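# Coordinates in review
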Amino acid sequence: MIAFENVAYSYGGGELLSEVSLRLAPGSFHFLTGPSGAGKSTLLKLCYAELLPTAGRITLFDREVRSLDRDEVARMRRRIGVVHQDCQFLDHLPLATNVTLPAMVSGRSSANEDLQDLLNWVGLAPLADALPPQLSGGERQRAAVARAVIMSPDVVLADEPTGNLDWEMSLRLLTLLVELNKMGKTILIATHDLNLIRAAKQQVPARVLRIAKRRVQLAGADL
Amino acid sequence: MKILALTQFLRGDKQADRVVPPSGHTAWLTSFTAATMTFLAVFALALSLAAGRLAERWGDALARSATIRISAPAGQMDAQTRAVLDVLAITPGVERARAMDDAEQRALLEPWFGPNLPLDALPIPRLVEVTEDDTGYDAEGLRQRLAAEAPGAVLDDHTRWRKPLAVAAGRLRMLGITSILLIGASMAAMITLAANAALAANAQVIRVLRLVGARDAYIARAFVRRFTLRALAGSAIGAVAGMIGVALLPSADVAGGFLTGLGFQGAGWLLPFLIPPAAALVAFFATRFAAFRKLKELT
Ligand SMILES: Nc1ncnc2c1ncn2[C@@H]1O[C@H](COP(=O)(O)OP(=O)(O)OP(=O)(O)O)[C@@H](O)[C@H]1O
Ligand SMILES: [Mg+2]
């Protein structure tokens, strides 16, 4: 699905990530951890071509990212659902419309029942008509998760999806992602929450990637 | 196929339009610009049409011909005619010179004197028809030479004074057409500026749309449709206002003359209706160009 070969990335100063090689196999479940500022969000942005590597190769769905033109990047992003750390909503549109945005821009009409089911699952059905700035941080995060999965994408990348949520709601979202994984979707979650990782490991064979000293390593089983 | 795409474009996609937030003042700016530009274009159009009519009318009268009238005693008539023809033969700028025969002269005079004019008995002047070439001749020089060679000859070039007027009318028409083109170009420039402002103001919206998988064409369409429709609406208002202005000019029949003949005539009244679609087309391409260029800069 997603493969990094000797990838390096720098925002202009020194290298933030170096010699990163990894492979997210179809249907795999990964966590990405590391200290704040280590480059977790940056690595996710490389995965959906918001950033291009400064060295090395990134392959998405068997295509080298540099070889994709703008339309191909757009089509590729429809197959990757992303929960952004800062959510990225259109503030002038109600929550329900924001959640269906990926379907809208790809010309697909998402079934209304799917939307209702999804909003119910993340507990936002009563807030469907609210504008994003009127929502709490946790509500925004839940909406972001709903938007990431509405197109039933092949890959879901989630950047701190549970950062503002209570434990019960965190587990609820985790269950949603685990269910998607059981349907064969590839999942990558960046998080600091070790409890979340432990909970996931009881349900799926999740692996943990850790960013330390600019490198990405597979963390030991001791977590 | 093309037409289908156009009607689809105009009908639009309600949802797709909403992804770009409404943008108060730039909307007004575009409509207002289109309205004023169209208002001006209607006048430029009226001006160039009127100037064109004038150039045609005056140009026709200018058949590039003049006449030389020779009045001489019967005995000298033939000699002077030959002298005039000799002078004309060596005058630069004269393409052809021909003395009219009696039958022709009789035909010319018939309307005034009736058919049975005894030409031989009357001291009728002899007429020589002069046709100039493209460069034209020096009328004053010719007059002096004629005075020397044939004292009874008078050069009558009464239509020549119109020549500069016909040229001026032609220039005026060119000026009108140039103005219309410049007005179109200014409108394109202003709409490009307004579109760029709208695109910059919505950079975050565009970023989000790109992140959820929108193609450039989808994002551009939302802006292009908006600006095209605004330009169309503004231009329609401007065209109607301009046509009311032209219609209120005093009519040509009353006073006659150039300024009062400035209105549209007959089918000419349909031409201003072409301006709003043209303005919409200008807006379409200006916004499209600006949008695709801006989108390439973002993400
Ligand atoms: N656009 C940018 N330009 C320059 N530097 C940036 C930019 N974005 C991030 N950085 C820097 O890159 C580093 C890694 O940022 P990143 O957001 O990937 O960290 P992170 O691991 O996601 O952190 P957190 O856990 O706090 O979300 C940080 O030091 C940050 O300051
Ligand atoms: Mg981060």
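Refer to the preceding data block for the structure.
Below, the structure is looked at part by part.

Calculation notes
- Residues numbered from 1 in each chain as written.
- Chains lettered and ligands numbered in written order.
- Predicted model: local features only at pLDDT ≥ 70, side-chain atom pairs only at ≥ 80, totals over all residues.
- Heavy atoms only, no water.
- Helix = DSSP H or I, 4+ residues; strand = E, 2+ residues; numbered from the N terminus.
- Buried < 20%, exposed > 50% of the residue type's maximum accessible area, 1.4 Å probe, protein only.
- Contact = heavy atoms within 4.5 Å.
- Phe/Tyr/Trp six-rings, centres within 6.5 Å; stacked < 30°, edge-to-face > 60°.
- Lys NZ or Arg CZ within 6 Å of the ring centre and 35° of its normal.
- Pairing = 2+ DSSP bridges.
- Axes fitted to C-alpha atoms, helices over the stretch in contact; angles between N-to-C directions.
- Buried area = accessible area lost by both parts, 1.4 Å probe.
- Salt bridge = Lys/Arg side-chain N within 4 Å of Asp/Glu carboxyl O.
- Polar contact = N/O pair within 3.5 Å; in protein donor to acceptor, adjacent residues only side chain to side chain.
- Nonpolar A, V, L, I, M, F, W, Y, C, P; charged D, E, K, R; others polar.
- Donors = N, O, S within 2.8 Å, 3.2 Å for Na, K, Ca; no water.
- Near = heavy atom within 4 Å.
- Areas by Shrake-Rupley, 256 points an atom, 1.4 Å probe, with all protein chains shown as cover.

Another point: the overall build of chain B. Each helix and strand counted, chain B has 11 helices and 4 strands in total. Scored against the burial criterion, the 299 residues of chain B give a buried share of 41%. Restricting the contact set of chain B to residue pairs at least 6 apart, pairs at least 24 apart contribute 83%.

This brings us to the packing of aromatic side chains. The relative placement of two aromatic rings is captured by the distance of their centres and the angle of their planes. Residues and elements named next belong to chain A. If you walk through the whole model with that rule in mind, you get 5 aromatic pairs over all chains. Between Phe29 and Phe31 the ring centres are 5.5 Å apart and the planes differ by 45°, which places this aromatic pair in the tilted class. Phe31 matches Phe29 in its accessibility class, with the two residues each being buried. Its guanidinium or amino end placed over the ring of Phe61, Arg79 lies 3.8 Å from that ring's centre, counting from NZ or CZ. Directly above the aromatic system of Trp121 lies the positively charged group of Arg172, at a separation of 5.0 Å from the ring centroid.

When you line up the elements, B:Thr38 lands in helix H3 (residues 24-61). Dropping the residues within four chain positions of it, B:Thr38 is found in contact with B:Ser235, B:Gly238, B:Ala239 and B:Ile275.

What follows deals with the sheet that holds strand S4 (residues 153-156) of chain B. Residues and elements named next belong to chain B. Overall, antiparallel pairing links the 4 strands, which are arranged S2-S3-S1-S4 in an open sheet. Across the chains shown, the open sheet's two edge strands, defined by having one partner strand only, are strand S2 (94-99) and S4. Within the sheet, the average angular offset between the axes of one strand and its neighbour, ignoring direction, is 20°. As judged from the 5 bridges shared by S2 and strand S3 (residues 126-132), these two strands associate in the antiparallel manner. Note on S3: the bridge partner recorded for Ala97 is Val130.

Once that is clear, we can look at the interface of chain B and chain A. Contacts between the two partners involve 22 residues from chain B and, on the opposite side, 21 residues from chain A. With both chains or domains summed, chain B and chain A bury close to 2,100 Å², and 54% of this area falls on carbon and sulfur atoms. A:Arg70 is paired through a salt bridge with B:Asp216; the nearest N and O atoms lie 2.5 Å apart. Counting the contacts that link chain B with chain A gives 10 residue pairs in polar contact (both at pLDDT 80 or more). For the side of chain B that touches chain A, the secondary structure elements donating two or more residues are helix H2 (14-18), helix H8 (203-211), helix H9 (216-247) and helix H11 (275-297) of chain B. Tallying contributions element by element places H8(B) first for the side of chain B that touches chain A, with 7 residues. Tallied by class, residues from the side of chain B that touches chain A come to 12 nonpolar, 4 polar and 6 charged.

It is worth spelling out the coordination of the magnesium ion (ligand 2) at this point. Geometry sets the ideal angles at a metal, namely 109.5 degrees for four tetrahedral donors and 90 or 180 degrees for six octahedral donors. Taken together, A:Ser41 (OG) and A:Gln85 (OE1) make up the protein donors of the magnesium ion (ligand 2), found 1.9 to 2.2 Å from the metal. Residue A:Ser41 is located in helix H1 (residues 40-47), and its partner A:Gln85 is located in the loop between strand S6 (80-83) and helix H3 (95-105); the two are separated by 44 residues in the primary sequence.

Moving on, we get to the site of ligand 1. Residue and element names in this part refer to chain A. What surrounds ligand 1 is a group of 13 residues, the closest being Ser36, Lys40, Ser41, Thr42 and Gln85. In the environment of ligand 1, a nitrogen atom lies 3.3 Å from a nitrogen or oxygen atom belonging to the side chain of Tyr11. Here an oxygen atom of ligand 1 and a side-chain polar atom of Thr42 are 2.5 Å apart. When isolated, ligand 1 has an accessible area of 640 Å², and the protein chains bury 57% of it. Counted by class, the shell around ligand 1 contains 4 nonpolar, 7 polar and 2 charged residues.

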